[in-house]
Amino acid sequence: MSDETVQAAETAVPVAELAAPAAVVVEPQIDETGRTYATGKRKEAVARVWIKPGTGALTVNGRSGEKYFARPVLRMALSQPFQVTERVGQYDTVCTVSGGGLSGQAGAVRHGLSKALSLREPDLRGALKKAGMLTRDSRVVERKKYGKAKARRSFQFSKR
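Rules and cut-offs
Residues numbered from 1 in each chain as written. Predicted model: local features only at pLDDT ≥ 70, side-chain atom pairs only at ≥ 80, totals over all residues. Heavy atoms only, no water. Core = buried A, V, L, I, M, F, W, Y, C linked by side-chain atoms within 4.5 Å. Buried < 20%, exposed > 50% of the residue type's maximum accessible area, 1.4 Å probe, protein only. Helix = DSSP H or I, 4+ residues; strand = E, 2+ residues; numbered from the N terminus. Contact = heavy atoms within 4.5 Å. Phe/Tyr/Trp six-rings, centres within 6.5 Å; stacked < 30°, edge-to-face > 60°.

## Considering the nonpolar core
Ranked by size, the top nonpolar core spans 25 residues in total, and within it Ile 51, Val 60, Phe 69, Cys 95 and Val 109 carry the most contacts. Taken together, the elements giving at least two residues each to this core come down to β2 (45-53), β3 (58-60), α4 (72-85), β5 (91-98) and α5 (102-120). Ranked by the residues each element gives to this core, the list is headed by α5, at six residues. Once residues lying within four places of it in the same chain are set aside, the contact partners of Ile 51 are Gly 34, Arg 35, Thr 36, Tyr 91, Asp 92, Thr 93, Leu 113, Ala 116, Leu 117 and Arg 120.

Spelled out as structure tokens, the structure:
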């Protein structure tokens, strides 16, 4: 090999350094009062969720979570983000929910809690994403069509 080729090979940047992207450091999003905010949605319901370190209290629209979501299934849905991330009883949650029914509202709060946890502790994003809690469930009720009883249900057909 010529001297120029050897010299070029010595000064070249290794391929591993070129291919490796820079590590992205995600900063936790915490406001001046120590809270983290996120918005969750499900069906027609929209939930605004604030979390901060505490004892695990849940407040929804000014009422306790146990009174607002009376059914155990709905309360179980709200506790799932904390169970997946092993943070049960470590955060106080304040939510305001509007629109939809109780089931949609519980799903919206769960979505908002998951987003808030991933914003507060970016390391938890992988576990929440794997559990499918960061994905917005986009299913909504199909609209009613004219000439039909409901969205797809037709009126009874009479041949004579």
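## Observations regarding the packing of aromatic side chains
Under the defined criterion, the tally for this structure stands at two aromatic pairs. Relative to Trp 50, the ring of Tyr 37 has its centre 5.1 Å away and its plane inclined at 45 degrees; by these criteria the two rings are tilted. With a gap of 13 residues between them, Tyr 37 in strand β1 (residues 36-42) and Trp 50 in strand β2 connect regions that are remote in the sequence. Relative accessible area serves as the criterion here: at 37%, Tyr 37 is assigned to the partly exposed category. With 5.0 Å between their ring centres and 80 degrees between their planes, Tyr 68 and Phe 69 make a pair best called edge-to-face. For the pair formed by Tyr 68 and Phe 69, the shared burial category is buried.

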